[in-house]
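Spelled out, the chains give:
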Amino acid sequence: MIGLADCNNFYASCERVFNPRLKNEAVIVLSNNDGCVIARSNEAKKLGVRMGAPVFKIKDTISKYNINVFSTNFALYGDMSERVMNTLKSEVDEVEIYSIDEAFLNFSDFIDTDRAIHIKKKVKQWTGIPVSIGIAPTKSLAKIANHMAKKYTSNGIFIINNDSLADQILKKFPIEEVWGIGRRFGKKLSYFNIKTALEFKNANSKWIKKNFSVNGLRLQKELKGEICYPLESGYKSKKNICTSRSFSKEIKNFSHLSEIVSSFANNCAYKLRKQKSCCTKISVFLMTNRFKLNSPQYFPSITLNFDTPTNDSFEIVSRANKALFKIHNPKYSYKKAGVVVHNTSPESSIQTSLFDTIDRKKRQQIMKSMDLLNSKMGKNKIHLASGNFNRKWTFKREKLSPCYTTMFSDILKIQL
DNA sequence: TCTGGGGTCCTAGGACCC
DNA sequence: TCTGGGGTCCTAGGACCC
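Residues numbered from 1 in each chain as written. Chains lettered and ligands numbered in written order. Predicted model: local features only at pLDDT ≥ 70, side-chain atom pairs only at ≥ 80, totals over all residues. Heavy atoms only, no water.

## Topic: the protein's contact with DNA strand C
(1) Moving on: By nearness alone, 14 residues border DNA strand C, and Glu102, Lys143, Gly182, Arg184 and Phe185 come closest of all.
(2) Moving on: Counting only the atoms of DNA strand C that lie within 4 Å of the protein, the sugar and phosphate share comes to 100%.
(3) Moving on: Contacts to DNA strand C include aspartate 101, whose side-chain N or O atom sits 3.2 Å from a sugar or linking oxygen.
(4) Moving on: For DNA strand C, a sugar or linking oxygen lies 3.5 Å from a polar atom in the side chain of tryptophan 179.
(5) Moving on: Each residue belonging to the surface near DNA strand C can be placed in one class, and the counts come to five nonpolar, three polar and six charged. (Near = heavy atom within 4 Å. Polar contact = N/O pair within 3.5 Å; in protein donor to acceptor, adjacent residues only side chain to side chain. Nonpolar A, V, L, I, M, F, W, Y, C, P; charged D, E, K, R; others polar.)

What follows is the structure, given as structure tokens:
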């Protein structure tokens, strides 16, 4: 059996852990620039706050019901996630961290619900975060079990352990809510009169493969109880690494864009070094405001290569600026920019170039020192001079909660 | 006035090889 | 007049996930 532990309303729950006043109150967490809603407590969901809703459109609801609003605090959520995962690992031998708030658990030795209840209680006690656990023979079914646990149980645990129970649930489970079926596929299936998970499970396999590729076929098998997505608990390095942001105001000025792109590129290089990878390609893109329907749109992007795989900030930042220069058109104002590095490979086995002119050993030492100082003294204590210094207005986070677990200055104070 | 960020996998088609 | 067969690699675009 495979278990899926999924944190309930994760970001909202994180805010609650250090702010007990919020218990039983409506809480929402906003995206970057306080733009739209990306997490809601159950109370907020009941008030009709939709996922992804732009904040300016729900201002009335927020003030009418006194909803507690937070800017995203990824330092906090990331750290809380690590605590939850470590607690799970203390109970289960094999844990696959699937996302910031979910993990698949090897439950091959699963005996009864008591074990799941114990795990759930332990996570709550050690971290303050409520989780739900779904248990089933495959990942896809565990996803459905987790959904049931959240929606219909009081203890937050649900097990699918036999075929007739599975069919009973699949019969009422809308196909577009199944893991791997998005809006497009949902619509397409509905056109062919497949509306429930059970109808999908019983559909003709050849037809599924033809219309929904091998992934559709795998999903169908998983619903039948055959494992197609095995547990993968090992560390997997990323193949693409991206840093991108929308700005709170539109930006036209090239040198300001250059500062921003430089810090994005520097961040990508840092992430590469963190996972001990190098890249051979870098893309830079710009975007005008896609919601301004009346103004002209421009979404340029470009990809440049490195002859030698690299994770050197100097090299990556300077190539990013070259790319930016090529795509920047001063006619437009931009709302978003991003840097992506791809074609990653382990830094331990890079293919060097005959014509390389860079002293890579020396550069590596510089990067190492820079990363070490920044990890000891605080993020961006040392950075390239080309980086972005106008953070204050470029990105908006007005309702930021303290970084309770990652900054000494923000540690929770308790009055006795 | 105001609308997120970071990923993966698959497929088709083009360019190339012998 | 007639114009093969069997591959690989890369990219763009589309779907999905959280």
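Here the narrative resumes, following the displayed structure.
## Looking at the protein's contact with DNA strand B
(1) Moving on: Lining the immediate environment of DNA strand B, one finds 22 residues, of which Ser31, Asn32, Cys242, Ser244 and Ser246 sit closest.
(2) Moving on: Restricting attention to atoms of DNA strand B within 4 Å of the protein, one finds that 74% of them are sugar or phosphate atoms.
(3) Moving on: Lysine 239 is positioned such that a nitrogen or oxygen atom in its side chain is 2.9 Å from a phosphate oxygen of DNA strand B.
(4) Moving on: For the surface near DNA strand B, the element with the highest residue contribution is strand E9 (residues 240–251), accounting for seven residues.
(5) Moving on: The residue inventory of the surface near DNA strand B, partitioned by class, reads six nonpolar, nine polar and seven charged. (Helix = DSSP H or I, 4+ residues; strand = E, 2+ residues; numbered from the N terminus.)

## Remarks on the pairing of strand E3 (residues 37–40)
(1) Moving on: Where strand E2 (residues 27–30) and E3 come together, three bridges link them in antiparallel fashion. Its bridge partner lying in E3, valine 29 is registered against alanine 39.
(2) Moving on: In sequence, E2 turns back onto E3 through a hairpin of six residues, with asparagine 33 there showing a positive phi of about 65°. (Pairing = 2+ DSSP bridges.)

## Examining the sheet that holds strand E5 (residues 95–99)
(1) Moving on: With mixed pairing, the five strands of this open sheet are ordered in space as E5-E6-E1-E7-E8. A strand with exactly one partner marks an edge of an open sheet, and here the two such strands are E5 and strand E8 (157–159). Strand after strand, the sheet turns through a mean of 20° between neighbouring axes, direction not considered.
(2) Moving on: Across five bridges, the pairing between strand E1 (residues 2–7) and strand E6 (residues 102–106) is antiparallel. Bridging from a neighbouring strand, glycine 3 pairs with leucine 105 of E6.
(3) Moving on: On top of the sheet, helix H5 (residues 113–127) reaches strand E7 (131–136) and E8; it is set at about 155° to E7, its chief contact. (Axes fitted to C-alpha atoms, helices over the stretch in contact; angles between N-to-C directions. Contact = heavy atoms within 4.5 Å.)

## What to know about a nonpolar patch on the surface
(1) Moving on: Together, Phe408, Ile411, Leu412, Ile414 and Leu416 make up a nonpolar patch on the protein surface, roughly 690 Å² of accessible area in all.
(2) Moving on: Mapped onto the secondary structure, leucine 416 falls in the segment after helix H14 (391–394). (Patch = residues over 30% accessible without salt bridge, like charges linked within 9 Å, V, L, I, M, F, W, Y side chains within 5 Å. Areas by Shrake-Rupley, 256 points an atom, 1.4 Å probe, with all protein chains shown as cover. Salt bridge = Lys/Arg side-chain N within 4 Å of Asp/Glu carboxyl O.)

## Section: the domain arrangement of chain A
(1) Moving on: Taken domain by domain, chain A comprises domain 1 (2–152), domain 2 (174–223) and domain 3 (241–377).
(2) Moving on: With centres defined by C-alpha atoms, the gap from domain 1 to domain 2 works out at 27 Å.
(3) Moving on: On the side of domain 2, five residues touch domain 1, which itself brings nine residues to the contact.
(4) Moving on: Taking both sides of the interface into account, the surface hidden between domain 1 and domain 2 amounts to around 680 Å²; carbon and sulfur atoms contribute 65%.
(5) Moving on: Counting the contacts that link domain 1 with domain 2 gives zero salt bridges.
(6) Moving on: Put simply, domain 1 and domain 2 have five residue pairs in polar contact (both at pLDDT 80 or more) between them.
(7) Moving on: No other element matches helix H6 (residues 139–152), which puts six residues into the side of domain 1 that touches domain 2. (Domains from an automatic or database assignment. Buried area = accessible area lost by both parts, 1.4 Å probe.)

## Concerning the packing of aromatic side chains
(1) Moving on: What the rule picks out here adds up to 18 aromatic pairs.
(2) Moving on: Here tyrosine 11 and tyrosine 77 contribute two aromatic rings whose centre-to-centre distance is 4.5 Å and whose plane-to-plane angle is 10°, an arrangement assigned as stacked. Residue tyrosine 11 is found in helix H1 (residues 10–17), and its partner tyrosine 77 is found in helix H4 (residues 74–89); the two are separated by 66 residues along the sequence. An identical accessibility class is assigned to tyrosine 11 and tyrosine 77; each is buried.
(3) Moving on: Summarising the aromatic geometry, the rings of tyrosine 298 and tyrosine 334 are spaced 6.3 Å apart at their centres and angled 50° between planes, so their arrangement reads as tilted. Of this pair, tyrosine 298 sits in the loop between strand E10 (277–287) and strand E11 (301–310) while tyrosine 334 is found in strand E12 (residues 334–342), placing the two residues 36 residues apart along the sequence.
(4) Moving on: One aromatic cluster is present, built from ring pairs that chain together Phe185, Tyr191, Phe192, Trp207 and Phe212.
(5) Moving on: Cation over ring: lysine 139 sits above phenylalanine 104, and NZ or CZ is 4.8 Å from the ring centre. (Phe/Tyr/Trp six-rings, centres within 6.5 Å; stacked < 30°, edge-to-face > 60°. Buried < 20%, exposed > 50% of the residue type's maximum accessible area, 1.4 Å probe, protein only. Lys NZ or Arg CZ within 6 Å of the ring centre and 35° of its normal.)

## Examining the environment of isoleucine 2
(1) Moving on: The residue isoleucine 2 is located in strand E1 in this model.
(2) Moving on: Along the backbone, isoleucine 2 and isoleucine 159 are 157 residues apart, and their C-alpha atoms lie at a distance of 9.9 Å.
(3) Moving on: Once residues lying within four places of it in the same chain are set aside, the contact partners of isoleucine 2 are Phe104, Leu105, Phe107, Gly134, Ile135, Ala136, Pro137, Thr138, Lys139, Ala142, Ile227 and Leu231.

## Section: the nonpolar core
(1) Moving on: Within the largest apolar cluster, 34 residues are counted, with the highest numbers of intra-cluster contacts made by Phe10, Leu88, Leu105, Phe107, Ile133 and Ile135.
(2) Moving on: Of all elements in the fold, only E1, H1, E2, H4, E6, H5, E7 and E8 reach the threshold of two or more residues within this core.
(3) Moving on: For this core, the element with the most residues is H4, which contributes six residues.
(4) Moving on: Not counting residues up to four positions away in its chain, the partners in contact with isoleucine 133 are Leu4, Ala5, Phe107, Ala116, Ile119, Lys120, Asn146, Ala149, Gly156, Ile157 and Phe158. (Core = buried A, V, L, I, M, F, W, Y, C linked by side-chain atoms within 4.5 Å.)

## Section: unusual backbone geometry
(1) Moving on: The phi dihedral of asparagine 24 is positive, around 65°, even though this residue is not glycine.
(2) Moving on: For asparagine 380, which is not a glycine, the phi torsion comes out positive at approximately 65°.
(3) Moving on: For asparagine 380, a relative accessible area of 40% gives the class partly exposed.

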